[in-house]
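Coordinate analysis (summary)
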Amino acid sequence: MSDTQKRIFSGILFALFFSTLTHFGLSKNTFSLTGLIDRYENLSYDARLKSSVSDIPEASIEEVVIIDIEQNSIESLGHYFEWPHSYHGQLIDVVSSGNPKALLFDIIFDKKDNNAYSLVRDLVNENTPQALKDSASVYLLKNNPDKFVSSTLKSVSTYHALVFEPEDTLNFLYKMDDVPQGYDNLKHTIKLPENIAKRLPNAQRLGNTYVELLNASHGAGAANFPQDEDGIIRRTPTAIYFEGPQKTYLSLSLAATKNILKIPDDGFIFDFDNNLLILKNENGKIVREIPIDDKGRMYVNYFGYHKTFYYIPYMYAFDPEMLDPAFWEGKTAIVGSSLPGLMDLRSVPVQETFPGVEIHANVIHGIINDTFIKPVSSTLNFLAIFLLSIIIGTLAGMPKKPMYGFLFAILGCCCWILFAYNQFVSHLIIWEIIRPVLSSTLTQLSVFSYAFIILDKDKRFLRSTFGTYISPKLIDQMIDHKAEPSLGGEEGYHTAFFTDIQSFSAFSEKLTASELVALLNQYLTDMTDVLLEHNGTLDKYIGDAIVAFYGAPIEVKDHELWACKTAIKMQENLDVLRQGWQQEGDRWPEIVHNMQNRIGISSGQMVTGNMGSEARMNYTMMGDNVNTAARLESSAKQYGIYIQIADSTYQPIKDKVVVRDLDNVRVMGKNEPVKVWELISEVGQEPEQYKKILPAYHEALELYKTQEWEKAIEAFKASDDLEEMFGGRKTNPSRIYIPRCEHYLNSPPGDDWDGVWTLTSK
């Protein structure tokens, strides 16, 4: 199995593990990170909800109207807590006369003290002055305590709020075994199987005390809005199970829509398998399917910011002369307050401060218009987490460089976030964001860690072992071929490469030690970069000399050509270095301005490998052809040239390089002669002057080989005139051959002459 396949396979395994962990493990309330993840999931939900309502104007919804106990009403009618209940009775009479769909009170009422009313009523008799009687009549009419109950009883559309509470033993508020005495609760409850009812939010106490008002109301429901752990109201109970009497009460909003949609008491079906609350009308027809969670709560579909619904001041709705009761025809009215002092401001996803009464408005409007927020099922969420993690895990395993996997992870997560946002804004569908992103991120990190720690361990070893003297491209090939260094050598056909600075010993006389180090470091850095860029392997530095080879430890196609390209590029870069040193002026002496280096190249059989001890080894080369390359580098100075290559290097690439036929020579330390060439350039890139030098030189060399010594001398002199004798160059090939011809003119070599010249110095 290849490394890529291993990474992909590991990505799939990690995806399976982390998708299972994040969905099942991090969904348990007992796990410490679950709350943190849910908090961020809620924040992502809030952001989506805000995006969906950002362009909704104020008062754009008139179907549900809020009768607001606001500042003007307080100023006109007096402090709210001093209002007589008869005000609410009058409000019911006025609004009900307009035939609304429903009138809800999002207010909890306690029975008022009626002593003042009773006292006035008892004091008025037949002996009371008429003026006082008239005043008393106005007072008694305005403050009639029975007005609220009687008006509620007459109305067929008035609904009052119930408030359910948990048990509070510290304040002696114990669990109630039954409803408050005198409360006829049967018409306010629905019929549910006990096993279903117990899954709903439960309560131990009912906080209402005004049972006469509850008995008179057409309907009643829970006004409770439990908050999430961060204090924000995102969901509302559809019903609450009162444990003591074992009764189920609808929410205030659902109690009103129950009659609006004509749902009987047994028409509420909680399908917890599919997380739906199904509403069936009197004919058994399904009229609504409300998405709910495992506790029977529905997400509040907030249609906009505060005052998206139409607000009417209480004082206007209270007075038929200020607002025609016909305004209420077909509308749903909710009485509540937006004043901070009345303590009904809540925190919701779209706004930090939001009137509780408008939460009811949003719920009712959503139910009436069949517009609900729909969380996807747990199974679909798990499938989404798993598939996204699988895709990212697979893609993350494909690049050879593990870091590139993060690009796929980022791209995949961004695509998922955009998809989830679009699904909510366009269709009100909630897909989880945090768990899929978390699972995908952990999958990518695991694939990266696996690749880095396990799969790339050998790669790092190879890079640390060879990285300083082999090109990164060759190291990658070694990694692909799984070639690891070991003690020992291997014989093969390679190319040896030697280069040295001309007359370097003279540099130490002109430069201080620190200057010499700085100069040498700059030179060696530049030359080594060229070597590695051209697929060479650095063997070692010997002072100013660079020893290298081509074709090992990994095979390099056309290694002879790569070696020649390296030599040519080194000469070009050295020229750039010289120009730079010259531009620095007096910092460097003239010898630095004219620095030259010589290069020797030879191809053939040699041994390459790690040689040394078990504790310390060096990847190097050995063999006769290695010695030849070293001799060619040093003997190049005798010809006044700077790149000398053996015939073994030249023949495989003779159609790709321009050379000068230099000599057939027996170098120091070798008995076998070597055919050598001066490397000029690649084909088509030779300098202009060599287009004249080479024909003249090769014509003279032919005369030399045919032993026409006098003509050869004249021809070599002619070619010598064409040579460029720049600073530091002491001779050239033409000048070498002139004294040879003179020698052979006086001492002819004979007819059996093989043309070999033996060098007597390196």
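Higher on the page you've got the structure.
Our subject in this report is the structure included herewith. (Residues numbered from 1 in each chain as written. Predicted model: local features only at pLDDT ≥ 70, side-chain atom pairs only at ≥ 80, totals over all residues. Heavy atoms only, no water.)

1. Some details on the packing of helix α13 (residues 378–396) against helix α14 (residues 405–427)
- Contact pair α13 / α14: the axes reach a minimum separation of 8 Å and the direction vectors enclose 155°. One way to sum up the angle between α13 and α14 is to call them roughly antiparallel. Note that α13 runs across α14; the crossing there is right-handed. Where α13 approaches α14, its residues Ala384, Leu388, Ile392, Leu395 and Ala396 are matched on the opposing element by Gly405, Phe408, Ala409, Gly412, Cys413 and Trp416. (Axes fitted to C-alpha atoms, helices over the stretch in contact; angles between N-to-C directions. Helix = DSSP H or I, 4+ residues; strand = E, 2+ residues; numbered from the N terminus. Parallel < 35°, antiparallel > 145°, perpendicular 65-115°, else oblique. Left-handed = near helix turned anticlockwise from the far one by under 90°. Contact = heavy atoms within 4.5 Å.)

2. Details of the side chain of His360
- Looking at the element boundaries, His360 is found in helix α12 (residues 356–368).
- Separated by 3.2 Å, the side chains of His360 and Ser253 make a polar contact. (Polar contact = N/O pair within 3.5 Å; in protein donor to acceptor, adjacent residues only side chain to side chain.)

3. Considerations on the packing of helix α24 (residues 690–705) against helix α25 (residues 709–722)
- Here α24 crosses α25 at 165°, and the two axes come no closer than 8 Å. Overall, the two elements α24 and α25 adopt an arrangement that is roughly antiparallel. The two elements α24 and α25 cross, and the hand of that crossing is left-handed. Each of Lys692, Ile693, Ala696, Tyr697, Ala700, Leu701, Leu703 and Tyr704 in α24 lies in contact with α25, whose residues at this interface are Trp709, Lys711, Ala712, Ala715, Phe716, Ser719 and Leu722.
- The class makeup of the residues in the contact of α24 with α25 is 12 nonpolar, 1 polar and 2 charged. (Nonpolar A, V, L, I, M, F, W, Y, C, P; charged D, E, K, R; others polar.)

4. Quick word on the sheet that holds strand β5 (residues 189–190)
- Strand order across the open sheet formed by 4 strands is β5-β11-β10-β6, with mixed pairing between neighbours. Across the chains shown, the open sheet's two edge strands, defined by having one partner strand only, are β5 and β6 (202–203).
- Bridge count between strand β10 (residues 239–242) and strand β11 (residues 247–250): 4 bridges; the pairing is antiparallel. The residue of β11 that forms the bridge with Ala239 is Leu250. (Pairing = 2+ DSSP bridges.)

5. So, the environment of Tyr314
- Looking at where Tyr314 falls in the secondary structure, it is placed in helix α11 (residues 314–318).
- In this structure the C-alpha to C-alpha distance between Tyr314 and Gly336, which are 22 residues apart in sequence, comes to 8.9 Å.
- Those residues in contact with Tyr314 that lie beyond four places of it in its chain are Ile67, Asp68, Ile69, Glu70, Ser73, Leu77, Trp83, Tyr87, His88, Leu91 and Val335.

6. Focus: the packing of aromatic side chains
- Under the definition given, this model contains 41 aromatic pairs.
- Both rings, one in Tyr80 and one in Phe81, keep their centres 5.3 Å apart while their planes meet at 70°; by these two values the pair is edge-to-face.
- Judged by its relative accessible area of 12%, Tyr80 is buried.
- Three or more aromatic residues joined by ring pairs form one cluster here, namely Tyr697, Tyr704, Trp709, Phe716, Tyr737, Tyr744, Trp753 and Trp757.
- Taking the ring centre of Phe272 as reference, the NZ or CZ of Arg199 above it sits at 4.2 Å. (Phe/Tyr/Trp six-rings, centres within 6.5 Å; stacked < 30°, edge-to-face > 60°. Buried < 20%, exposed > 50% of the residue type's maximum accessible area, 1.4 Å probe, protein only. Lys NZ or Arg CZ within 6 Å of the ring centre and 35° of its normal.)

7. Quick word on the side chain of Ser719
- The topology assignment puts Ser719 in helix α25.
- Reaching out from Ser719, the side chain makes a polar contact with the side chain of Ser734 at a distance of 2.6 Å.
- Excluding residues that lie within four positions of it along the chain, Ser719 makes contacts with Ala696, Tyr697 and Ser734.

8. A closer look at unusual backbone geometry
- With an omega of 5°, the peptide bond between Ala552 and Pro553 qualifies as cis.
- Looking at the secondary structure, you find Pro553 in the loop between β24 (545–550) and α20 (559–583).
- Of note in the backbone geometry, Asn275 takes a positive phi value of approximately 50° without being a glycine.
- Position of Asn275 among the secondary structure elements: in the loop between β12 (268–271) and β13 (276–280).
- Overall, Asn275 belongs to the partly exposed group, its relative accessible area being 21%.
- Despite not being glycine, Gln707 has its phi angle at roughly 65°, a positive value.
- Tracing the chain through its elements places Gln707 in the loop between α24 and α25.

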